[in-house]
Amino acid sequence: MEIDRRAFIASLGGTAAVAMMDSEAKADSLEHYMEEQLDEQVAANQAREKFPTVAEIEAQIETRNYRRGAGSLFVSGRGNVKKLTPMPKNATLKDFFELRFAPANHVLQSATRALKTGMTEEVILACLLHDVVLNLIKVDHGWWGAQLFEPYIPEKSTFAIKYHQALRFFPDSDAGYEYPDQYLRIFGHDYTPPPHIQSTYKMVRNHKWYMEPRLVTVNDLYAFDPNAKVSLDPFTDIIGRHFKQPKEGLGNDNTASSHMWRTLSNPDAPL
Ligand SMILES: [Fe+2]
Ligand SMILES: [Fe+2]
C-alpha cells in the first residue's frame, strides 16, 4: 500500500506535531492511518461494484421495445400512453410546462435552487429550461435543448443549456460540482465520454462564459426533498423579461425551432 507522506503528516497535525512524537507513537499512527486508508479503498471499491459496467448496460439494449434516447413524451414507462390535452392556439411557454412538460419537478427544483442562491436571471432561466427537451429526445439533449430555445432566450442562457450536458461529465470541486452517482448508474462506472463531449469540455473550460453552463450543473441535483412544493409562479417575471413569447404561439411563429414545438405539441402525428 502506498502512503501519501504529506497527507499522512497533515493528518497528524503537521511536521511540528510529528516532531514531538516518539518513534512508538509514530509507528502506531502510521498503522492506524494505513488501516483507515484501506477501509476507504474497500468502501470505494464496493461503491464501484454497486454500479453497472458499460457492457452490462449495452447488454440491456435488446431487452426493450424502445431506445434509451427516445423522448419521454413518446414512451411510457408504465402501460400505454395517455391521450394528450390539445395545446391552446397561441400556446405559451407556461402552457407547454402545464400540458407537455409536467410535472417538470427536476427543472423547477434546479431553478428554485438557482433563485435561492442568488444566481443571475440568465442562469436561473437556463436551469428552468435545461432539461425540458428530454420530453422530445434524450440523445445529446444539451444541443437539442439549446436549439429549441435559441430563438426566444438570451444568448448566455442558450450557451448554458447547450453545454451543461458536456460539463456534467467533468467535476469542478471549486465550483461545487462532483461527478454524480446518477451518471455511474446510467452510463456505467467505467464509461468514458465520447470525443465530441471531451472536445466540447476543453473548449467551454476556456470560454469566458464557462460559469454559465457550470452553474447549471451545480444546480442540477437529483437528490430532492420529495415534499418540496415547486411551481412555475416564482419564475413568471424572469420569463416575462427574458423569454420572447411569440404572439402566434410557440410552433406557429416560423422560427428555426417551430417544428420542434409542433412535435412537442402533437407527438401523436404519424408523419
Ligand atoms: Fe441535462
Ligand atoms: Fe438536469
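Refer to the preceding data block for the structure.
Criteria and thresholds
Residues numbered from 1 in each chain as written. Chains lettered and ligands numbered in written order. Predicted model: local features only at pLDDT ≥ 70, side-chain atom pairs only at ≥ 80, totals over all residues. Heavy atoms only, no water. Donors = N, O, S within 2.8 Å, 3.2 Å for Na, K, Ca; no water. Helix = DSSP H or I, 4+ residues; strand = E, 2+ residues; numbered from the N terminus. Buried < 20%, exposed > 50% of the residue type's maximum accessible area, 1.4 Å probe, protein only. Core = buried A, V, L, I, M, F, W, Y, C linked by side-chain atoms within 4.5 Å. Contact = heavy atoms within 4.5 Å. Tetrahedral: all angles 85-135°; square planar, octahedral: opposite > 155°, others 65-115°. Axes fitted to C-alpha atoms, helices over the stretch in contact; angles between N-to-C directions. Parallel < 35°, antiparallel > 145°, perpendicular 65-115°, else oblique. Left-handed = near helix turned anticlockwise from the far one by under 90°. Nonpolar A, V, L, I, M, F, W, Y, C, P; charged D, E, K, R; others polar. Phe/Tyr/Trp six-rings, centres within 6.5 Å; stacked < 30°, edge-to-face > 60°.

Some thoughts on the coordination of the iron ion (ligand 1)
Note on the iron ion (ligand 1): its protein donors are Asp-131 (OD), His-141 (NE2) and His-164 (NE2). The metal-donor distances range over 2.2 Å. Read N to C, the donor residues that coordinate the iron ion (ligand 1) are spaced as D-x9-H-x22-H. Separating the iron ion (ligand 1) and the iron ion (ligand 2) is a distance of 3.7 Å, and Asp-131 donates to both of them. Pair noted here: Asp-131 is in the loop between helix H7 (121-129) and helix H8 (141-149) and His-141 is in helix H8, with a separation of 10 residues, a long-range link. We classify Asp-131 as buried; its relative accessible area is 6%. On the basis of relative accessible area, His-141 is assigned to the buried category, the value being 10%.

A word on the nonpolar core
Residues Leu-93, Phe-97, Leu-128, Leu-129, Phe-149 and Trp-261 are the most contacted members of the largest nonpolar core, which totals 44 residues. For this core, the secondary structure elements donating two or more residues are helix H5 (93-99), helix H6 (105-116), H7, H8, helix H9 (155-167), helix H12 (211-219), helix H13 (236-242) and helix H14 (258-265). Here this core gets seven residues from one element, more than from any other, and that element is H7. Here Phe-97 is in contact with Ala-102, Ala-104, Val-107, Leu-108, Leu-128, Leu-129, Val-132 and Leu-232, once residues within four sequence places are set aside. Of all hydrophobic cores here, the second largest spans 12 residues; its members include Phe-159, Leu-167, Phe-170 and Tyr-201.

Side note on the coordination of the iron ion (ligand 2)
For the iron ion (ligand 2), every protein donor is listed as His-106 (NE2), His-130 (NE2), Asp-131 (OD) and Asp-220 (OD), and the spread of their distances is 2.0 to 2.2 Å. Between the four donor atoms coordinating the iron ion (ligand 2), the angles at the centre fall across 81 to 172 degrees, so the site counts as irregular. All donors of the iron ion (ligand 2) belong to a single chain; written as a sequence motif, their spacing is H-x23-H-D-x88-D.

Overview of the packing of H9 against H12
For any two helices packed against each other, one specifies the inter-axial angle together with the distance between the axes. Axis separation between H9 and H12 bottoms out at 7 Å; the angle between their running directions is 60 degrees. Of the possible angle classes, the one that applies to H9 and H12 is oblique. Along this stretch, H9 crosses H12, giving a crossing that reads as right-handed. Note on element contacts: H12 touches H9 through Glu-212, Pro-213, Arg-214, Val-216 and Thr-217, opposite Lys-156, Phe-159, Ala-160, Tyr-163, His-164 and Leu-167. Grouping the amino acids of the contact of H9 with H12 by side-chain chemistry returns six nonpolar, two polar and three charged.

Some remarks on the packing of aromatic side chains
Scanning the entire structure with this criterion turns up 18 aromatic pairs. Consider the rings of Phe-96 and Trp-261, whose centres lie 4.8 Å apart with planes at 70 degrees: the pair is edge-to-face. In this pair, Phe-96 is assigned in helix H5 and Trp-261 in helix H14, connecting sequence segments 165 residues apart. For the pair Phe-96 and Trp-261, a shared accessibility class is recorded, and that class is buried. Consider the rings of Phe-101 and Trp-261, whose centres lie 6.5 Å apart with planes at 50 degrees: the pair is tilted. Highlighted residues: Phe-101 in the loop between H5 and H6 and Trp-261 in helix H14, separated in sequence by 160 residues. For Phe-101, a relative accessible area of 4% corresponds to the buried category. Relative accessible area serves as the criterion here: at 0%, Trp-261 is assigned to the buried category. Of the aromatic side chains, those joined through ring pairs into one cluster are Phe-96, Phe-97, Phe-101, Phe-149, Tyr-152, Phe-243 and Trp-261.

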